[in-house]
Amino acid sequence: MRRFLQFDCEGTLLAATLDEAQGLTGLLIVTGGNEIRAGGFAGQAQLAAWVAEQGFPVFRYDRRGTGESEGSNGGFLSSGPDIAAATRAFRRACPDLTRIVAFGNCDAASALMMFGNDAEIDAYLLANPWTIEQPVEAAGNAKSEDNPALPPAGAIRARYLDRLKRPDRLLADLLSGRIDLGKARRGLSQMVGKERASGLASDMATSLASIEAPVTILISRGDMTGQAFMAHWRGKGFAAARKPAGLTPAICDTASHSFAGKDAQDWLRAQIREVLNARTAA
Amino acid sequence: MRLNYPTYRVADHDEHMVALEPDGASARVLIVLPLLEEMNRVRRTAVMAMRSLSERGVASAIPDLPGCNESLAAIADQTLEGWTNAVTHAADQWRATHIASFRGGALIDHGPAALPHWRCAPAKGGPLLKTMIRTRIAADREAGRTTTKNELLAAAAREPVDLAGSLLGGPMIAALDAARPEELANCRTVALAPAGSEPDRDRITGSPLWLRAEPGEDADFASAIADDIAAWVGA
């Protein structure tokens, strides 16, 4: 049974969808970018329906400033309170839940990495974590530069901008796909290896190393974002994060950032189901 | 004000709606959003407009089309005719007094013919389909495959085709190719005022959100939508 609800996050009403099921382990889907909680091509909604059919309740929400929720959009860097409020709302909606597994793709994976510890999450599924620092405001916000009261994300972003090392040109080429994939991968490794990790990646590495709950990292082999993450993953910055035995990113043979297509979706679903079924070590 | 989540029934399914229904509302506007991925990009701005309308005592609601957003129906089974039927059911069951549509929403909004209609940037189906086909071809090329438009259209005759992420059935694709907004007796049509120019009687301030790469919001556009619709319904 799919039902709809709203919950509070620091005085702001957020919209959410719950796919009910009997299981005591639930899946929290954190949405990437400014996407609505149904996801691009209703992908998250379809995933949620499938996961609930496997017996696990699923909760997904529009963070502040996106979708049907109130508030203004502070980007993923200010989405920590939303994640925490969502886990609380999930537990209120499903009081029998004993375990929440959180899944996020792209900057949602980054947000979970950085803010998950404050949200009582029992296991993480982090797909194609976003490590690229953007020199402009979150895409799509027509008036964001005019916002006089910058949310904390704005201040954080300003700090990252000061430390941005990549030339804008390279970044633009990477994001537009004009760069040859093979070359880009080697270039990224070089770039990451030569200089200290970008502020965002460095903060992610620190947070990841401090997470005690089981983490599963999922990467699309041919996806720019996934490749950029892997370049950082292999570098010095993530040495501490790499320590836990078994924390090896699982690689899907797809170029799709969102695991589109039957094969990639089947792969993703199998990964998710495995984590949902796992019992945490005593 | 809290959102309401009414449902409407079509083809044995209850479909989800999101609504704002202030007490004593002077009008009830059913909003038909752009189709497919354009819906994602416009949804937030539309909900912002709904909040503004609610403050002026105008109720509004966005119905999910079967197969889209939170719908449990399969998108590959959908047809334009089915969607037109769904909008008619939603308007009827939600007791709409007015219909407001955007872009490709104007291709499926003509069912409740007796109600006043409002259309913003109505779109023909052919160009929408062309964009989706181009996106699919470009995505295939990046993955090393060469696909042509004719191959896709030929395949659509046999089975649903993945067009830019949406699995669309042959009948839907054919219908989209030929679709044009129907002429309506009582319809106010507004276009977007080009950036930097003044809005006028038939053009409202707004950016073409449906052209963006990912969803965002345009607060000025949301205000302009609410202003125009509120004036139009006589609020």
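Residues numbered from 1 in each chain as written. Chains lettered and ligands numbered in written order. Predicted model: local features only at pLDDT ≥ 70, side-chain atom pairs only at ≥ 80, totals over all residues. Heavy atoms only, no water.

**What about the overall build of chain A?**
Here is step 1: The helix and strand inventory of chain A stands at ten helices and eight strands.
Here is step 2: Here chain A holds 282 residues, and 57% of them are scored as buried.
Here is step 3: The long-range share in chain A, meaning contacts at least 24 apart out of those at least 6 apart in sequence, stands at 71%.
Here is step 4: As displayed, chain A has an accessible area near 12,000 Å², and 52% of this comes from carbon and sulfur atoms. (Helix = DSSP H or I, 4+ residues; strand = E, 2+ residues; numbered from the N terminus. Buried < 20%, exposed > 50% of the residue type's maximum accessible area, 1.4 Å probe, protein only. Contact = heavy atoms within 4.5 Å. Areas by Shrake-Rupley, 256 points an atom, 1.4 Å probe, with all protein chains shown as cover.)

**Quick word on the nonpolar core**
Here is step 1: If you look at the biggest cluster of nonpolar residues, it comprises 52 residues, and the most contacted ones within it are Phe7, Phe59, Tyr61 and Leu208 of chain A.
Here is step 2: For this core, the element with the highest residue contribution is helix α3 (residues 107-115) of chain A, accounting for seven residues.
Here is step 3: When near neighbours in sequence (up to four residues on either side) are disregarded, Phe7 of chain A contacts Thr12, Leu13, Leu14, Ala16, Phe59, Tyr61, Asp82, Ala85, Ala86, Ala89 and Arg92 of chain A.
Here is step 4: Counting residues in hydrophobic clusters, the runner-up holds 42 residues, among them Val18, Ala27, Ala121 and Ala222 of chain B. (Core = buried A, V, L, I, M, F, W, Y, C linked by side-chain atoms within 4.5 Å.)

**Quick word on the confidence of the model for chain A**
Here is step 1: Of all residues in chain A, 75% have pLDDT values of 70 or greater, and the mean over the chain is 83.
Here is step 2: Confidence over residues 136-171 of chain A falls short of pLDDT 50; this stretch has 50 contacts with residues more than four positions distant or in other chains. (pLDDT = per-residue confidence, 0-100.)

**Here we look at the pairing of strand β4 (residues 58-61) of chain A**
Residues and elements named next belong to chain A.
Here is step 1: Here β4 shows no split at all, with Val58 and Arg60 on one side and Phe59 and Tyr61 on the other all buried.
Here is step 2: Note that strand β2 (residues 12-19) and β4 share four bridges and pair antiparallel. Residue pairing for β4: Ala16 is matched across the bridge by Tyr61.
Here is step 3: When strand β3 (residues 25-30) meets β4, the two strands line up parallel, connected through three bridges. Bridging across to β4, Leu28 finds its partner in Phe59.
Here is step 4: What joins β3 to β4 is helix α1 (residues 43-53), and the crossover it makes is right-handed. (Pairing = 2+ DSSP bridges. Right-handed = clockwise from strand over helix to strand, strands pointing away.)

**Concerning the interface of chain B and chain A**
Here is step 1: Residue-level contacts link 28 residues of chain B with 33 residues of chain A.
Here is step 2: Buried area between chain B and chain A, both sides added, is near 2,500 Å², and the carbon and sulfur share of it is 48%.
Here is step 3: Counting the surface chain B buries against chain A, the share from its top three residues, Tyr5, Arg44 and Glu70 of chain B, is 25%.
Here is step 4: In this structure, the connection of chain B to chain A is made through four salt bridges.
Here is step 5: Our enumeration of links across chain B and chain A arrives at 16 residue pairs in polar contact (both at pLDDT 80 or more).
Here is step 6: With seven residues, the single largest contributor to the side of chain B that touches chain A is helix α1 (residues 37-55) of chain B. (Buried area = accessible area lost by both parts, 1.4 Å probe. Salt bridge = Lys/Arg side-chain N within 4 Å of Asp/Glu carboxyl O. Polar contact = N/O pair within 3.5 Å; in protein donor to acceptor, adjacent residues only side chain to side chain.)

**Topic: the sheet that holds strand β7 (residues 215-220) of chain A**
Residues and elements named next belong to chain A.
Here is step 1: With mixed pairing, eight strands are arranged side by side in an open sheet as β1-β2-β4-β3-β5-β6-β7-β8. Both edges of this open sheet fall to β1 (2-9) and β8 (250-252), since each of them pairs with a single strand only. Across the sheet, the mean angle from the axis of one strand to that of its neighbour is 20°, orientation sign disregarded.
Here is step 2: In the sheet, β7 pairs with β8 via three bridges, with the strands oriented parallel. Opposite Ile219, over in β8, you have Ile251 as the bridge partner.
Here is step 3: Here helix α8 (residues 224-233) sits on the sheet and contacts β7 and β8; the angle it forms with β7, its principal contact strand, is near 125°.
Here is step 4: Relative to the sheet, helix α10 (residues 262-277) contacts β3, β5 (99-105), β6 (123-127), β7 and β8, its axis offset from that of β5 by approximately 155°. (Axes fitted to C-alpha atoms, helices over the stretch in contact; angles between N-to-C directions.)

**A short note on the packing of aromatic side chains**
One pair of aromatic rings is described through two measures. These are the centre distance and the angle between the planes.
Here is step 1: For the coordinates displayed, the defined rule picks out ten aromatic pairs over all chains.
Here is step 2: Taking 5.5 Å as the distance between ring centres and 70° as the angle between the ring planes, the aromatic pair formed by Phe102 of chain B and Trp118 of chain B counts as edge-to-face. With a gap of 16 residues between them, Phe102 of chain B in strand β5 (residues 98-102) and Trp118 of chain B in strand β6 (residues 117-120) connect regions that are remote in the sequence.
Here is step 3: Trp118 of chain B gets classed as buried once you look at its relative accessible area, which sits at 0%.
Here is step 4: Centroid distance Trp210 of chain B to Phe221 of chain B: 6.4 Å. Interplanar angle 65°. Geometry classified as edge-to-face. Here Phe221 of chain B lies in helix α6 (residues 219-233) and Trp210 of chain B lies in the loop between β10 (203-205) and α6, a separation of eleven residues in the sequence. Across the pair, exposure class does not vary: Trp210 of chain B and Phe221 of chain B are buried alike.
Here is step 5: Here a set of aromatic residues connected by ring pairs shows up, and it is made of Phe7, Phe59, Tyr61 and Phe90 of chain A. (Phe/Tyr/Trp six-rings, centres within 6.5 Å; stacked < 30°, edge-to-face > 60°.)

**Considerations on unusual backbone geometry**
Here is step 1: The phi dihedral of Phe259 of chain A falls on the positive side, at around 60°, and the residue is not glycine.
Here is step 2: With respect to the helices, strands and loops of the structure, Phe259 of chain A is situated in the loop between β8 and α10.
Here is step 3: Given a relative accessible area of 1%, Phe259 of chain A falls into the buried group.
Here is step 4: In this structure, Ala11 of chain B is a non-glycine residue whose phi angle is positive, near 45°.
Here is step 5: Mapped onto the elements of the fold, Ala11 of chain B is located in the loop between β1 (7-10) and β2 (13-20).

**Comments concerning the pairing of β1 of chain A**
All names here are of chain A.
Here is step 1: A large share of β1 lies buried, amounting to six of its eight residues.
Here is step 2: Pairing geometry for β1 and β2, over eight bridges, is antiparallel. Across the sheet, Asp8 pairs through a bridge with Leu13, a residue of β2.
Here is step 3: Between β1 and the antiparallel strand that follows it, β2, lie two residues; Glu10 among them carries a positive phi value of about 50°.

**Describing helix α5 (residues 170-178) of chain B**
All names here are of chain B.
Here is step 1: Along α5, the residues classified as buried are Gly170, Met172, Ile173 and Leu176. Down the axis of α5, the smallest arc covering the buried residues is 165°, so these residues share one side. Exposed side chains of α5 directed beyond 90 degrees from the buried face belong to Pro171 and Ala178. (Arc of directions from axis to C-beta.)

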